[in-house]
Amino acid sequence: MKRSSGILMPIFSLPSPYGIGTLGKEAFNFIDFLAKAKQSYWQILPVGPTSYGDSPYQSPSTFAGNPYFIDLDLLEKDGLLTRGEIDSVDWGTRNDFVDYGILYNNRFPLLEKASDRCWEREPDKIRAFADSTPWLGDYALYMAVKRHFKMAAWLDWPDEDIRLRKHGALEKYRQMLEKDVRFYTFLQYVFYSQWEALKEYAHKNKIEIIGDIPIYVALDSADVWAEPQFFQLDEDNVPKEVSGVPPDYFSEEGQLWGNPLYDYKRMADDGFGWWIRRISGAAKLYDVLRIDHFRGLESYWSVPYGETTAKNGHWVKGPGMALISVLKGWFGNLKFIAEDLGYPTPEVAQLLADSGFPGMKVLEFAFDHREVSSHLPHTYSFNCICYTGTHDNTTLVGWKKEADPKDLVKAQKYLGLNKEEGFVRGMIRGGMASTANVFIAQIQDWLELDESARVNTPGKLGGNWTWRMQPGLLTEKLAKEISELTVLYGR
């Protein structure tokens, strides 16, 4: 990746009058802002549907797009909804917060009206999309059956035949739930239509999209239900062990993610076809793929199913270069970023070097007064991505409040921070001036927002993934300032 810079901004955080950011006008406006600011990248979070807990890292599909992101104004423009229908819905009163309960209850009935009209108007186009989208048949049926059983996880479906995908049951439910299958098919048809238009506009403005691919898929997902043979499940398709991480910087208890672990031997015997299909799907969405929890490809934390914390897990060797080599061979034109945060080991460092992928450096981790951190800019190789902070960090304003005062003194001395420039702008300058090939700042840091604008606190239940940017903050003045700094440091 050439020397350049970009901004991290989740889709759901964009302004909109409909309770959550979408793929409509404000997304196009954000691309315009990035272009004016001479940025090269828009980094986003995973765009899959969300479920219980609202985390984009626990989706019912690794391929599907989030129906919350479908823009309603574009549906009106396409003649699939009326202005009166859109305005009659209660979207809540706050424009700084995503209320997922309101979205869940109020958005889908509106989208079903659009679905009925679209199937009546252009059934051949929807079917052609479905026929060219191999994963969609399983996903649409999975969601229809899940809805039929009041959104219960597939492990808890009362009909064992459909839970275990017996052939007769698949056809039975496909016919019985035809209307819902059509609805979930429509949602992906329109999501991908809107996404492709947005991506094309980004490319016209010389903006590439960095997408985030979670290393694991959710247990309650079409992916595990449709292809259980590639996961560590018992004869009843119940997990044997699940994912997590041991205690670390983010959590004293560790993090019990609960995702089913891959059966890497079975995957390797299949030539890693599951991963090839997965990355092929992601490549249709993104220009650059950030592999979340890259260290799990070297060794992963395995926790017995049923444990209530991640403490009692153990390390197991991952597929390493066997998988990475296959992906590089298949996707020679796709760029990857390795999320290699956490406590590095020599083995993980070697895998990163062997892969050739750029790793990540985070300025909020750089100024520990007790030791020389590998996140200090003078330690960087060119082949890395420098961040002010990620979606798992607080904002720079929040970090200044929370950090050890001795760490702040170290940052001040190292970067030459001063009152005239300001703490946040000085930190951003430090990242811009670094030797890292790419520098990414959260939009919250350019806006100098406090800790209330934090996107996610790892290990904390509830209150995450809800921050929304207020309208009108992306000014011409801010774009000019970012542009000047970008040019000054050759990005």
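That block above? That's the structure.
Residues numbered from 1 in each chain as written. Predicted model: local features only at pLDDT ≥ 70, side-chain atom pairs only at ≥ 80, totals over all residues. Heavy atoms only, no water.

On to the packing of aromatic side chains, then. Following the criterion strictly, the structure yields 37 aromatic pairs and no others. Between tyrosine 57 and tryptophan 465, the aromatic rings sit 5.8 Å apart at their centres with planes inclined by 40°, giving tilted as the arrangement. Taken as a pair, tyrosine 57 in the loop between β2 (41–43) and α2 (72–77) and tryptophan 465 in the loop between α18 (443–446) and α19 (476–488) lie far apart in primary sequence, 408 residues in all. The pair tyrosine 57 / tryptophan 465 is uniform in exposure class, with both members buried. An aromatic cluster of at least three residues, connected via ring pairs, comprises Phe63, Phe129, Trp135, Tyr139, Tyr189, Phe191, Tyr192, Trp195 and Tyr286. The ring of tryptophan 225 has arginine 165 sitting right over it, with the charged end atom 4.4 Å from the ring centre. Over the aromatic face of tryptophan 119 sits the side chain of arginine 182, whose NZ or CZ is 4.3 Å from the ring centroid. (Phe/Tyr/Trp six-rings, centres within 6.5 Å; stacked < 30°, edge-to-face > 60°. Helix = DSSP H or I, 4+ residues; strand = E, 2+ residues; numbered from the N terminus. Buried < 20%, exposed > 50% of the residue type's maximum accessible area, 1.4 Å probe, protein only. Lys NZ or Arg CZ within 6 Å of the ring centre and 35° of its normal.)

Once that is clear, we can look at helix α1 (residues 25–36). Look at α1: 17 Å from first C-alpha to last across 12 residues, which is about the 16 Å you get at 1.5 Å a residue. On its buried side, α1 packs onto β1 (4–8), β2, α9 (178–204), α18 and α19. Two residues or fewer past α1, lysine 38 is found with a positive phi of approximately 60°. (Expected span 1.5 Å × (residues − 1). Contact = heavy atoms within 4.5 Å.)

Burial along strand β10 (residues 359–362) is two-sided: the face carrying Gly359 and Lys361 and the face carrying Met360 and Val362 are both buried. Relative to strand β11 (residues 384–387), β10 is paired through 4 bridges, and the arrangement is parallel. Residue pairing for β11: lysine 361 is matched across the bridge by cysteine 386. (Pairing = 2+ DSSP bridges.)

Our focus in this paragraph is the side chain of glutamate 339. Within the secondary structure, glutamate 339 sits in the loop between β9 (335–338) and α14 (346–355). No salt bridge is formed by the buried glutamate 339; the nearest opposite charge belongs to arginine 290, separated by 4.3 Å. For glutamate 339, the side chain forms a polar contact with the main-chain nitrogen of histidine 293, separated by 2.8 Å. Beyond its immediate chain neighbours, meaning those up to four positions away, glutamate 339 contacts Arg290, Ile291, Asp292, His293, Phe294, Arg295 and Met360. (Lys, Arg positive; Asp, Glu negative; His and termini not counted. Salt bridge = Lys/Arg side-chain N within 4 Å of Asp/Glu carboxyl O. Polar contact = N/O pair within 3.5 Å; in protein donor to acceptor, adjacent residues only side chain to side chain.)

With that settled, consider the sheet that holds strand β7 (residues 299–304). A sheet is described by the order of its strands in space; here 4 strands give the open sequence β5-β4-β7-β8, paired in antiparallel fashion. Each having just a single partner strand, β5 (255–260) and β8 (314–317) make up the two edges of the open sheet. Taken over all neighbouring pairs, the strand axes of this sheet differ in orientation by 50° on average, direction set aside. Here β7 runs beside β8; their pairing, made up of 4 bridges, is antiparallel. From the neighbouring strand, tryptophan 301 faces β8, where its bridge partner is tryptophan 315. (Axes fitted to C-alpha atoms, helices over the stretch in contact; angles between N-to-C directions.)

A few words now on the sheet that holds strand β12 (residues 438–442). Strand order in the open sheet formed by 8 strands is β9-β6-β3-β2-β1-β12-β11-β10, and the pairing between neighbours is parallel. Of all the strands in the sheet, just β9 and β10 have a single pairing partner and so form its edges. For this sheet, the mean inter-axis angle between neighbouring strands, taken without regard to orientation, is 25°. Both strand β6 (residues 288–291) and β9 contribute to a ladder of 4 bridges, which runs parallel.

Before going further, it helps to examine the pattern of salt bridges. A side chain with one charge can pair with a side chain of the opposite charge if their charged atoms come near. Within the structure shown, the criterion is met by 31 salt bridges. One salt bridge in this structure joins glutamate 112 and arginine 147, with 3.3 Å as the shortest N-O distance. Taken together, the positions of glutamate 112 in helix α4 (residues 100–121) and arginine 147 in helix α6 (residues 136–148) put the pair 35 residues apart, joining distant regions of the chain. Using a relative accessible area of 23% as the deciding quantity, one classes glutamate 112 as partly exposed. With a closest N to O distance of 4.0 Å, glutamate 200 and lysine 204 form a salt bridge. Taken together, the positions of glutamate 200 and lysine 204, both in helix α9 and 4 residues apart, correspond to about one turn of that helix. Relative accessible area serves as the criterion here: at 46%, glutamate 200 is assigned to the partly exposed category. In the salt-bridge network here, residues are joined through shared partners; they are Asp73, Glu76, Arg83 and Asp87.

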